[in-house]
Amino acid sequence: MPNLGRSFIFKLLRHLKNYVGWLLLAFVLLFGQAMCELALPDYMSSLASEGVAVGDMGFVWRRGLQMLLISLGSVVCAVLVGLLAARIGSGVGRDLRSQVFNKVTSFSTPEFDRFSVSSLITRSTNDITQVQMFCTVLIRLVFYAPVMGVGGILRAAAKSSNMPGMVSTIAVSILIMLVLIGVLMAIVMPRFKRAQKLLDHLNLVARERLSGLMVIRAFNTEAHEEKRFDEANRNLTQNHLFVNRTISLMMPIMNLVMNGVSLVVVWIAAVSASNVADVGNMMAFMQYALQIIMSFMMISLVFVIMPRASVSAGRIAEIIDSPVEIQDPAHPQAVAANAPCTIQFDHVSFKYPGAEHDVLHDISFTARPGETTAIIGSTGCGKSTLISLIPRLYDATQGKVSINGIDVKDFSQHDLHDLISFVPQKGTLFSGTIASNIRYGNQEATDEQVRQFAQTAQATEFIEEKPEGYDSPVSQGGGNVSGGQKQRLSIARALAKQAPILIFDDSFSALDFKTDAVLRRALNTTYQDRTMLIVAQRVSTIMNAQQIIVLDDGEIVGCGPHRELLKNCQVYLEIARSQLSEEEIEHEQ
């Protein structure tokens, strides 16, 4: 078992302290079940030697009724323990899912870069199910099997005083089973580790195929994707087949050992028995021997489940114990709610974890309330990375990003995000209705306010065309609306938050020029007191901004208004020439 998995198993046991009352009740019931089953062979021995042998049918009926009552008691205990084990296991699974979800929710962008989405889903579902099943089996067998095994050995030793060789037979059978379990675990443990990685890969391929279905059809690569999925599916299937075939050898060998022990016990009894009482002891000893072997089979079941649960536990622990790079300060600062916010970049540099060179280098500028600060540059120059430093999706490696003179690292993340309305480059909607998506950042918004935000975002036209209007359903991810409609709803959602800082990360790219112009005009009229940052590819989107930051290879090569940059910044002039006519440029100059 890997160290990470082993440490997590101990943490799992600590999880059980929340159910200590139920655990104690389960252990009492398990002890009662074991005692009932250990008593039955003695009753059977006396039934044979004191009842059947002498023809005392009254004794046979009394003893038989007692054995029936003991058996019923054992069944009742077993059923109650099963219910308690299932309840405790389900509770532990629920706690783990909640813990994993909360930890993933606290992840910053660097942590998401380390874990793929498909892997996080597998760990939150399949891996936790494996641990939950192990927990249930552990409660059901970890106390019962040892009591049965130890009690059976002691009772069998007492019954074998007149039959030498009986105890040795059991010892040899136990040794065979221990060797078998050890060999099987050595063989299947690496395969269990590989199984979870193969499942991650299968989920990744399936997720890519489903999310990229339109692209796959457009490029006519269905056969290639089917081949990829078949290969991932075949690898996982072959791995499972190997594991299941290997483990399936255990039960036939166990049965062979049990039947062999029965034969040896009968042979020893046939040689050594001298009277009917010895025959009764032989029957009792055989039952104890079978109980001992069965208890070890139960323990072996725990060892069969443990390797996979251990691997799954290690993968869960990898998430829960993963350090979060972006942490809240010990003594966070704050600014007044809805206060105007000035954003300042002071010699900021940034490079991604593990990278050798900066993505951004020595960035300095100030974005003021009531002004629009635009950021433009070639693809891959660091525009989106730059604005991601404001809400601390990443932390600057050098320099300082501040709001009203306070370093963003000195805010709690909750308070910092309260100051910012962010529209990402790729708009994401949630299942629900149009109104619920607009209200996502402000549940207190009235119906009239929702309509105003949608109107500012130029979304009312297509919303009112729908039969259900603002109550129209939105599918997961916004799959039932177009890209431009999704973008406008994302902008309306950001406006509804009414934060003092508005950040648009290339959020107008899916809009036509007319809608783009009307939307920007509405923003400048309605939200002119906010600090607005716009990342854009089109010069027409930002030409009226009070301040335009021109990035080239992660450095600022120009800063100023549109007309000034046309005269003084060669990079900006080249971008403008690629989008505007010479007459427009000459007129602006």
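Residues numbered from 1 in each chain as written. Predicted model: local features only at pLDDT ≥ 70, side-chain atom pairs only at ≥ 80, totals over all residues. Heavy atoms only, no water.

**With respect to the overall build of the chain**
Move 1: In terms of regular secondary structure, the chain is built from 22 helices and twelve strands.
Move 2: Relative to the globule expectation of 25 Å for 589 residues, the C-alpha radius of gyration of the chain, 36 Å, shows a markedly less compact shape.
Move 3: When its C-alpha atoms are laid out on the principal axes, the chain stretches across 120 × 50 × 45 Å.
Move 4: Residue pairs in contact within the chain that sit at least 24 positions apart in sequence constitute 77% of those at least 6 positions apart. (Helix = DSSP H or I, 4+ residues; strand = E, 2+ residues; numbered from the N terminus. Rg over C-alpha atoms; globule rule 2.2 N^0.38 Å. Contact = heavy atoms within 4.5 Å.)

**Here's the deal with the sheet that holds strand β9 (residues 501-505)**
Within a beta sheet, neighbouring strands are joined by backbone hydrogen bonds and run either parallel or antiparallel to one another.
Move 1: Read across the sheet, six strands follow the order β6-β9-β10-β3-β11-β12 without closing on themselves; strand pairing throughout is mixed. This sheet does not close on itself; its edge strands, each paired only once, are β6 (420-423) and β12 (555-560). For this sheet the average axis-to-axis angle between neighbouring strands, irrespective of direction, equals 15 degrees.
Move 2: The sheet contact formed by strand β3 (residues 372-377) and strand β11 (residues 547-552) spans five bridges and is parallel. In the sheet register, Ala 374 faces β11, and the bridge partner there is Ile 548. (Pairing = 2+ DSSP bridges. Axes fitted to C-alpha atoms, helices over the stretch in contact; angles between N-to-C directions.)

**Considering the packing of helix α3 (residues 57-106) against helix α5 (residues 117-141)**
Move 1: Direction vectors running N to C along α3 and α5 enclose 150 degrees, while the axes themselves pass 8 Å from each other. With respect to each other, α3 and α5 are oriented roughly antiparallel. Once α3 is placed against α5, the crossing between them reads as right-handed.
Move 2: Residues of the contact of α3 with α5, tallied by class, amount to 14 nonpolar, seven polar and two charged. (Parallel < 35°, antiparallel > 145°, perpendicular 65-115°, else oblique. Left-handed = near helix turned anticlockwise from the far one by under 90°. Nonpolar A, V, L, I, M, F, W, Y, C, P; charged D, E, K, R; others polar.)

**A short note on the environment of Met 283**
Move 1: Topologically, Met 283 is positioned in helix α11 (residues 276-320).
Move 2: C-alpha separation for the pair Met 283 and Arg 245, spaced 38 residues apart in sequence, amounts to 35 Å.

**Comments concerning the sheet that holds strand β2 (residues 360-367)**
Move 1: Ordered by their spatial adjacency, four strands build an open sheet running β2-β1-β4-β5, and the pairing between neighbours is antiparallel. The strands lining the two open edges of the sheet, one partner per strand, are β2 and β5 (406-407).
Move 2: Where strand β4 (residues 398-403) lies against β5, two bridges are found, and the strand directions are antiparallel. Bridge pairing in β5 places Ile 403 opposite Ile 406.

**So, the pattern of salt bridges**
Move 1: Overall, the coordinates contain ten salt bridges when judged by the stated rule.
Move 2: The closest approach of N and O atoms between Glu 318 and Arg 123, which form a salt bridge, is 3.0 Å. Of this pair, Glu 318 sits in helix α11 while Arg 123 is found in helix α5, placing the two residues 195 residues apart along the sequence.
Move 3: Here Arg 315 and Asp 127 are joined by a salt bridge, their closest N and O atoms 2.7 Å apart. A residue pair is termed long-range when its members are at least 10 positions apart, and Arg 315 in helix α11 and Asp 127 in helix α5 qualify at 188 residues.
Move 4: Judged by its relative accessible area of 8%, Arg 315 is buried.
Move 5: In the salt-bridge network here, residues are joined through shared partners; they are Asp 516, Arg 520 and Arg 538. (Salt bridge = Lys/Arg side-chain N within 4 Å of Asp/Glu carboxyl O. Buried < 20%, exposed > 50% of the residue type's maximum accessible area, 1.4 Å probe, protein only.)

**Structural notes on the pairing of β3**
Move 1: Counting buried residues in β3 gives six out of six residues, a clear majority hidden from the surface.
Move 2: Residues Thr 372, Ala 374 and Ile 376 of β3 are buried on one face, and the alternating residues Thr 373, Ile 375 and Gly 377, pointing to the opposite face, are buried as well.
Move 3: In terms of strand pairing, β3 meets strand β10 (residues 531-535) through four bridges, oriented parallel. In the strand pairing of β10, Thr 372 is matched with Met 532.

**Some remarks on the side chain of Ser 507**
Move 1: Tracing the backbone through its elements, the reader meets Ser 507 in the loop between β9 and α18 (513-526).
Move 2: A polar contact of 3.1 Å, which involves the side chain of Ser 507, links it to the backbone oxygen of Val 423.
Move 3: Apart from residues no more than four positions distant in its own chain, Ser 507 is found in contact with Val 423, Pro 424, Gln 487, Ile 491 and Val 535. (Polar contact = N/O pair within 3.5 Å; in protein donor to acceptor, adjacent residues only side chain to side chain.)

**Some words on a nonpolar patch on the surface**
Move 1: Nonpolar side chains collect at one region of the surface, where Val 75, Val 76, Val 79, Leu 80 and Leu 83 lie side by side and expose about 440 Å² of accessible area between them.
Move 2: With respect to the helices, strands and loops of the structure, Val 75 is situated in helix α3. (Patch = residues over 30% accessible without salt bridge, like charges linked within 9 Å, V, L, I, M, F, W, Y side chains within 5 Å. Areas by Shrake-Rupley, 256 points an atom, 1.4 Å probe, with all protein chains shown as cover.)

**Re a negative patch on the surface**
Move 1: Taken together, the side chains of Asp 362, Asp 552, Asp 553, Glu 555 and Glu 574 present a region of like negative charge at the surface.
Move 2: If you trace the backbone, Asp 552 turns up in strand β11. (Lys, Arg positive; Asp, Glu negative; His and termini not counted. Charge placed at Lys NZ, Arg CZ, Asp CG, Glu CD.)

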